[in-house]
Each structure stands twice: as structure tokens, then as C-alpha cells.
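One letter stands for each residue in the lines below.
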Amino acid sequence: MVITSRSPARKQRRHTLAGELLRWQLAIVVIVLVAVAAVSLAQSKATFDRVEGRRVTALAEEMAGNPLVRTQLVRPAPAEMLAPLLQSTLTRSGVTSAMVADSRGEIVAATDPTLVGTSMPVDGPQVAEAVGWSGELPVDGVTQLVAQAPVLGADVEADNAGDHLGTVMIGRTSPSVWQRLVGASSYLLVYLGVASVLGLAGSWLLARRIKRQTFGMEPREIAGLAEHREAMLFGLAEGVVALDPHQRLTLVNEVGRGLLDLPETCVGMSLADLGIEGRLYDVLAGTEGTDRRDEVVVRRGRVLVMNRMDVTKDGRRLGSVTTLRDRTELAQLERELGSFRSTTELLRAQAHEFSNQLHTISGLIQIGEHDEVVRYVRALRKHRESLDLNLTSRVRDRAVAALLMAKSALAAERKVRLKISERTSLDRLEPTDSADVATVLGNLVDNAVDAAASGSGAGEDAPWVEVELRQDASSVEIVVRDSGPGVAPELAQEVFSHGFTTKAAQGGDRGIGLALTRLVCKRRGGEVSVANTLAGAMFTARMSVGRPADRATETVR
């Protein structure tokens, strides 16, 4: 096999910005000059027709009123007397042609003897009707600007006063287009030279100004940069939002527009015009004046992680750029992992509790109190059985019951008593319903335990959390009360969207559990609310569930 080599293709010569501007400038100058030339030619023709038309008309009327012409037209052989008059008129006025015709339109005298005996060219019947006329007519193959004037009789004795005796025609050759162009070429060339010099200087200055504003880049480089920017922005899997110092959107890619649910015409609109407020506004606008890292924002059913950075140049703030990632699925996984984490914490708490009980039993054995050991073990067994029976008799869903057992052990470790209301009643649920109920219940209990643990007390005054579960044919209601300090009225709604504060600088990931709780409830057609009681706060969550599982199936299992 023979391999032939190719010489590398010659690179196309890249035109500079100054060269491009100069070429376009010259092209515009040429187009303008052509237009000016056309206008000049039209004006020249109009001027010629107006000035020369008046002159030949005056000459024709003057000759038509000449007594010699009037008297010779009615006599035989008028050419002998009229030819010298026509020739003198031609020489004196510089016209092209002059001729006289009789009343029948036959030329009887002319500066061109070959035309004698032929018909005078006319443009209409008005000349035969003794009416003057002026315009362009072909005379002996040449287009001329002519004026025709009637010759009227004035001899009363000959009884021809007022009669149409004939017609006088004076003609002036119209200059051709080339002749007019040659006549105007002098100033057109001057215009071309001046315009070219001005265009060259203007193109060079404009190119320098543009290159200073574009950091010395040529058009191809600017176009390539714009293409790369578009490819980069719209090829990212993350959302990108850019704002100017006045909080107006200057750039947003498709991913960002979808995550924030913005209209297609959002570029150029302000955050206020787009209805963005609350925590999302705080993160995008940077209300504290610092960059944000991994801020969590809930936006219309999506859990978004946002990173914001101010953009400055030469000490001047140009705006900000914020990237967005959709963490909704990750939050779902975190909720699922939370159930395993709760189980782990339960085992740890139980191991700690069992360790304390074994230490007590070991101590009683060492001091010889064997009967006391038996009574202590029986008391522990009775307490555990009563606790299990009290919980499982009211909460028949195993997953929810196990969650409450885990939360009870964790609350006890933090010196908080977790109570199950006597009004609690929950049947077994479908697995998907059970998972969502456990998610909402776990988040509300965690929040209540945190609030109750911030207080103090012992015995009857010890911090407590009470859980009440109610179920009807199509929904489950979860009520969690605590002995904590309560929730400020102005934060009653913000706490579900933005955590425990409306300020982005202090929010972080705090309160994301309550925000997710609201998402789960809304997805199931319900809602979650908070109210203050005499003892503390009360969170109420309601969500629709499917058909409860068959109790017979539960019995078999």
C-alpha cells in the first residue's frame, strides 16, 4: 500500500478589525457616491430642461413674432428670405437646430437644408391647433429639447389676422448621460478622495476604540469567545444565574431557568419583578455582602444547593454569579438514610441503657443482695413490657412504632421525656405511606426534642415531648407538642421554608427537616402548621394516605 502525504493546507489569511472596517467604509463610500452621482445626473437633467427649455421657448416665440417670418410664410419660396434669419439665430444663440413649417406642417426653411420639404416632428395635435409646446423630440435621429411656437397672421389688409400661418421650432441637443457624468466627474472625484481619507481615518480610530473595549481581540476571536461561552453555559449540568449590581438578571442558562421556574423573557428583569423573595432572594442578592457557599434553598418543591460569588474588576463591582444544583433526590436519600441512622442511634442508646442496668445488677451481686437482683430484673422486664404494649397497642404500623421507640431512647438520653398521647391511634399503612409518615414524624420529633432540651427541670417539670397520631379513612394527622420556648409569631411560616431564621447568612442547613416536612405534606395534599400553647409549641401535620393495610394480613404476619 502506498501512502501519499499531503502538504498542510495554507491557513486562510485572517482579516483584522481595522481592515474589515476600512473595507466596509469604502464600500459604503462607493455606494454613497453612486447614489450622489445618480442624484446629480437627475438634477443636471432637470436643470438643463428648465433653463434651456425656457431659452428655446423664448427664441421660438421671438422668431414666430418676427414680421419677416409672418410675411414670408404666405409668399412663394419663403426659404430664400427665412434661411439667413434661421442661420443667424443659430449662430447667435448657440442652439442646435431651427426650422419653420407652414400651416400643413411641411418644413419650408431650416438650418439643415435636407429637412426642407419634410414634415415637422410633433408630439401631439396641439401644434396643429396653434398651441405652443416644448419637450424632447427626435430630430434627424438625435434627441433634442425643442420648443414649437405658432406663427399667427397680423396683416389686416391681407385678411389673415389671427390665422395660423405656420410653426417655428427651435431645438437644443440634450447632453447624454456620459456627457453629464464627465461634466460632474471633477467634483465626484473630489468627493471620493475626501470620503476615502475620512473613511480610512475614521475606520482606524474606530478600530482602535473597539479593540480597547474588547481587550485587543479581533472579530473572529470575539465570535469564538461568545461561542465557547454559550457552549460552556448551556452544556453545564448545573444552573447558572448572573446578576448586575441592581439585581437584574443578565444571564441564566436553561438549567437555571428550569430550577428557578423562570419565564423565557426573564433576562433583564429584576428579582422583584420575577417574584423572588425570602431566603432565595437573600442568597441570590447576597444581603450580607459576602459570598455564599452551599446554601440550601427550597424552591417550589425542589431542594437547591446554591453557591454565590461577587464579580469585581479594578475595585468596581460588576455583579454576582450563582450556581445551582438540584439536591431533591439526594434529600430523599438522606431521609431514607435517616431511618437507618435512627436505628443505629437506638441501638447505641439501648446499649448504654443496658450497660447501666448490668452495672447495677453487678453491684447488687457483689454486695450479696441476690433477692434485690431478682426484684430489679422483674421490675425492668415489667417496665419494658408495659412500654412495648402501650406503644404497639396504639401504633400498629411497625415502621412508625419502631421510629417512636428509637426517638424515645434518644430523647431519654437528652433528659427529655417522650410521651404517646392516649388519643393516639394508627393502623398499619402501605409501605410508601408509612415511609412518608415516618419522615414527617421523625422531623417533627427531632425539632421538638431540640426545643425541649433547651429548657430545664426535673420530675414533673422535666422537658417533655408528646406525640399524637390520628387517622381517618383517607388521611393521617400528626400532632407533636413540646415544652420548649415556642416559635415567634413572625416566624410561624418562615420556619418551614427557611429554617429557624429568614436570614441567609445564618440559615445554612438548619431547618431543612421542617422544609422537607412541608414538601412531603404538600405532595400528599396536606399541610403543616405551628402554634404556640401555654407549655410550648405545637406542630400539626396532615397528609392523605392510601387504603390502610388489611388487619388480617397483619395478624398473619
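These numbers were taken from a predicted model, which means no experiment stands behind them. (Residues numbered from 1 in each chain as written. Predicted model: local features only at pLDDT ≥ 70, side-chain atom pairs only at ≥ 80, totals over all residues. Heavy atoms only, no water.)

**Student:** Explanation requested: the nonpolar core in the structure shown.
**Tutor:** A general trend in soluble globular proteins is that nonpolar side chains are found buried together. Residues Leu 404, Leu 441, Val 467, Leu 469, Ile 478 and Val 480 are the most contacted members of the largest nonpolar core, which totals 41 residues. Sort the elements by how many residues they give to this core and helix 11 (residues 431–453) lands first, with nine residues. Every residue in contact with Leu 404, bar those within four places of it in the chain, is listed here: Leu 391, Val 395, Leu 418, Ile 420, Leu 441, Val 467 and Leu 469. (Core = buried A, V, L, I, M, F, W, Y, C linked by side-chain atoms within 4.5 Å. Buried < 20%, exposed > 50% of the residue type's maximum accessible area, 1.4 Å probe, protein only. Helix = DSSP H or I, 4+ residues; strand = E, 2+ residues; numbered from the N terminus. Contact = heavy atoms within 4.5 Å.)

**Student:** Even after reading the chapter, I still don't get the packing of helix 10 (residues 398–413) against helix 11, so can you show me in this structure?
**Tutor:** The description of two packed helices rests on the angle between their axes and on the distance between the axes. Taken N-terminus to C-terminus, the directions of helix 10 and helix 11 make an angle of 15°; their axes are 10 Å apart at the nearest point. When the axes of helix 10 and helix 11 are compared, the pair comes out roughly parallel. Between helix 10 and helix 11 lies a crossing of right-handed hand. Note on element contacts: helix 11 touches helix 10 through Ser 434, Val 437, Ala 438, Leu 441, Gly 442, Val 445, Asp 446 and Val 449, opposite Ala 399, Val 400, Leu 403, Leu 404, Lys 407 and Ala 411. When grouped by side-chain class, the residues that make up the contact of helix 10 with helix 11 number 10 nonpolar, two polar and two charged. (Axes fitted to C-alpha atoms, helices over the stretch in contact; angles between N-to-C directions. Parallel < 35°, antiparallel > 145°, perpendicular 65-115°, else oblique. Left-handed = near helix turned anticlockwise from the far one by under 90°. Nonpolar A, V, L, I, M, F, W, Y, C, P; charged D, E, K, R; others polar.)

**Student:** I'm lost on the confidence of the model for the protein in this one. Help?
**Tutor:** Averaged over all residues, the pLDDT of the protein equals 76, while 74% of them reach at least 70. Mean pLDDT values over the elements of the protein span from 35, in helix 15 (residues 551–556), up to 93, in strand 13 (residues 475–482). Across residues 1–12, confidence stays below pLDDT 50; counting only partners more than four residues off in sequence or on other chains, it has zero contacts. pLDDT under 50 marks residues 548–557. Its contacts with residues more than four places away, or in other chains, come to nine contacts. (pLDDT = per-residue confidence, 0-100.)

**Student:** What is the right way to read the sheet that holds strand 12 (residues 464–471) from this model?
**Tutor:** Sheet strands associate in pairs through backbone hydrogen bonding, adopting either a parallel or an antiparallel arrangement. If you trace the five strands from one edge of the open sheet to the other, you get 11-12-13-15-14, paired in mixed fashion. Strands at the two margins of the open sheet, each flanked by one partner only, are strand 11 (417–420) and strand 14 (527–532). Sheet twist, expressed as the mean angle between neighbouring strand axes with direction ignored, is 15°. Here helix 10 sits on the sheet in contact with strand 11 and strand 12, set at roughly 150° to strand 11. Where helix 11 meets the sheet, its contacts fall on strand 11, strand 12, strand 13 and strand 15 (537–544), and the angle it forms with strand 13 comes to roughly 10°. (Pairing = 2+ DSSP bridges.)

**Student:** Looking at this model, I keep getting lost on the pairing of strand 11. Mind explaining?
**Tutor:** Each regular strand displays side chains that alternate between the two surfaces of the sheet. Only one face of strand 11 is buried, namely the one carrying Leu 418 and Ile 420, since none of Arg 417 and Lys 419 on the opposite face is buried. Looking at chain direction, strand 11 and strand 12 are connected through four bridges and run parallel. Opposite Lys 419, over in strand 12, you have Glu 466 as the bridge partner.

**Student:** Is there a simple way to think about the pairing of strand 15 in this case?
**Tutor:** Of the two faces of strand 15, only one is covered, namely that formed by Ala 537, Phe 539, Ala 541 and Met 543; the face formed by Met 538, Thr 540, Arg 542 and Ser 544 stays uncovered. Hairpin geometry of strand 14 and strand 15 is characterised by an intervening segment of four residues between the two adjacent antiparallel strands.

**Student:** How should the pattern of salt bridges be read in this particular structure?
**Tutor:** In this structure the tally under the stated criterion is 25 salt bridges. Residue Asp 244 is joined to Arg 248 by a salt bridge in which the shortest nitrogen-to-oxygen separation is 3.2 Å. On the basis of relative accessibility, which here comes to 12%, the residue Asp 244 falls in the buried class. Judged by relative accessible area, Arg 248 falls into the partly exposed class, the value being 35%. A salt bridge links Asp 472 to Arg 542, with the nearest nitrogen and oxygen atoms 3.8 Å apart. Placement of Asp 472 in the loop between strand 12 and strand 13 and of Arg 542 in strand 15 is noted, with a sequence separation of 70 residues between them. For Asp 472, a relative accessible area of 40% puts it in the partly exposed group. (Salt bridge = Lys/Arg side-chain N within 4 Å of Asp/Glu carboxyl O.)

**Student:** What am I meant to see in the packing of aromatic side chains here?
**Tutor:** Two measures describe an aromatic ring pair: the distance that separates the ring centres and the angle between the ring planes. Throughout the structure, instances matching the rule amount to zero aromatic pairs. A cation sits over an aromatic face here: Lys 419 above Trp 464, 4.4 Å from the ring centre. (Phe/Tyr/Trp six-rings, centres within 6.5 Å; stacked < 30°, edge-to-face > 60°. Lys NZ or Arg CZ within 6 Å of the ring centre and 35° of its normal.)

**Student:** When you look at the sheet that holds strand 1 (residues 97–102) in this model, what are you seeing that I'm missing?
**Tutor:** An order of 2-1-5-4-3 is seen for the five strands of this open sheet, with the pairing classed as antiparallel. Every interior strand has two partners, whereas the edge strands, strand 2 (107–110) and strand 3 (133–139), have only one. Going across the sheet, the axis of each strand differs from the next one's by a mean of 30°, ignoring polarity. Note that strand 1 and strand 5 (residues 164–173) share six bridges and pair antiparallel. Bridge pairing in strand 5 places Asp 102 opposite Gly 166.

**Student:** Before we go on, may I ask you to explain the environment of Gln 25 in this structure?
**Tutor:** Examined against the element boundaries, Gln 25 turns out to sit in helix 1 (residues 17–64). A relative accessible area of 32% places Gln 25 in the partly exposed class. With 173 residues separating them in the primary sequence, Gln 25 and Leu 198 have C-alpha atoms 9.4 Å apart. Sequence-distant contacts of Gln 25, defined by excluding residues within four places in its chain, comprise Gly 199 and Ser 203.

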